[in-house]
Amino acid sequence: MGTLSLLACVRDQKHPSHLALQKDSLRVIMSMQSVIHLGGGYRMARPKSQEKRNALLAAAIELIAEQGLSVPTSKIAHVAGVAEGTLFTYFETKERLLNDLYVELKLEEREEMMRDYPVHASLQDRARHLWDKYVGLGITHPSNYKVVTQLGVSDHITEQTRRLGMEGYEALPAMLQECFTCGVLKDQPSAFGIALLLAMMNMTIAFILQHPKEADRFCDAGFTAFWNAVTKT
């Protein structure tokens, strides 16, 4: 998914139960209503509909996957079934929409990637879990995969948003570092190994989407190629 920051080590969130709580907290923060100052007094903004917000995000995924990040907000609003002005009630700017969408997609990705992660399994089994989950997301949710890939390399996404998207992946960089230090990549920067992994996973997804009947074959072959590349001396 592009330069996925999923492999970066961030804040300590070791317990799995923190993931769902963190996701809920982030969504609350993103959807909090601002206090509006009116003539020396204050009132709370009208509560917003989570249903409309979700419809706007879903429309953005659909259209960005088809047309790219340049798709106008008027089209997003139309597909969501709301007026364009309503879109800007939920997202002040298009950049805010794209940043919130990135966070939503990364949170969903993280939940799936870390679900049932075999913390105490062998290095190869842990690496295979990462591989299977990532490839599985790409082939079962191709639109989400395409959009988060585009957003991941987009200048629209702020550093703060990227940090939010990285949270919860602490076990993965540690596992990858183990892989890289036991083979031919041990003297190379970890960023090189991560880029190699992402390139091979993205290539595997592309082949499976083109040849879905060969999904198991390509998934197995891709992982074997990666594992041999990073662990053989």
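Worth saying up front: this structure is predicted, and the values here are computed from it rather than measured.

1. Points about the nonpolar core
Judged by nonpolar contacts, the single largest core of 32 residues is most densely connected at W131, L172, M175, C179, F180 and F226. Where this core is concerned, the elements lending two or more residues are α5 (94-114), α6 (123-140), α9 (171-180), α10 (190-210) and α11 (215-231). If we skip the residues at most four places from it in the chain, C179 touches L123, A127, W227, V230 and T231. One finds L56, Y90, Y102 and I157 within the second-largest nonpolar core, a separate group that totals 26 residues.

2. Some details on the pattern of salt bridges
Tallied over the full model, the rule gives 11 salt bridges. The salt bridge involving R162 is made with E159; its shortest N-O contact spans 3.9 Å. Residue R162 and its partner E159 are both found in helix α8 (residues 159-166); the two are separated by 3 residues, about one turn of the helix.

3. Notes on helix α7 (residues 142-152)
Of the residues making up α7, those classed as buried are Y145, V147, V148, L151 and G152. Considering only its buried residues, α7 is in contact with α2 (50-67), α5, α6, α8 and α10.

What counts as what
Once a new chain begins, its residue numbering starts again from 1 and follows that chain's sequence as written. Whole-chain, interface and lining totals are the exception, using all residues; otherwise, since this is a predicted model, local features are given only for residues with pLDDT of at least 70 and side-chain atom pairs are given and counted only at 80 or more. Values reported for side chains reflect all heavy atoms of the structure, with hydrogen atoms and water molecules removed beforehand. In this description, a nonpolar core means a group of buried Ala, Val, Leu, Ile, Met, Phe, Trp, Tyr and Cys residues linked to one another through side-chain atoms lying within 4.5 Å. When a residue's accessible area, from a 1.4 Å probe over protein chains only, is under 20% of the maximum for its type it is buried; when over 50% it is exposed; and in between it is partly exposed. Under the DSSP-based scheme used, a helix requires at least four consecutive residues in state H or I and a strand at least two consecutive residues in state E, with every element numbered from the N terminus. The contact criterion used is simple: two residues touch if any of their non-hydrogen atoms lie within 4.5 Å. By definition, a salt bridge exists where a carboxyl oxygen of Asp or Glu is found within 4 Å of a side-chain nitrogen of Lys or Arg.

In short, the description is geometric, and any link to function would need to be established separately.
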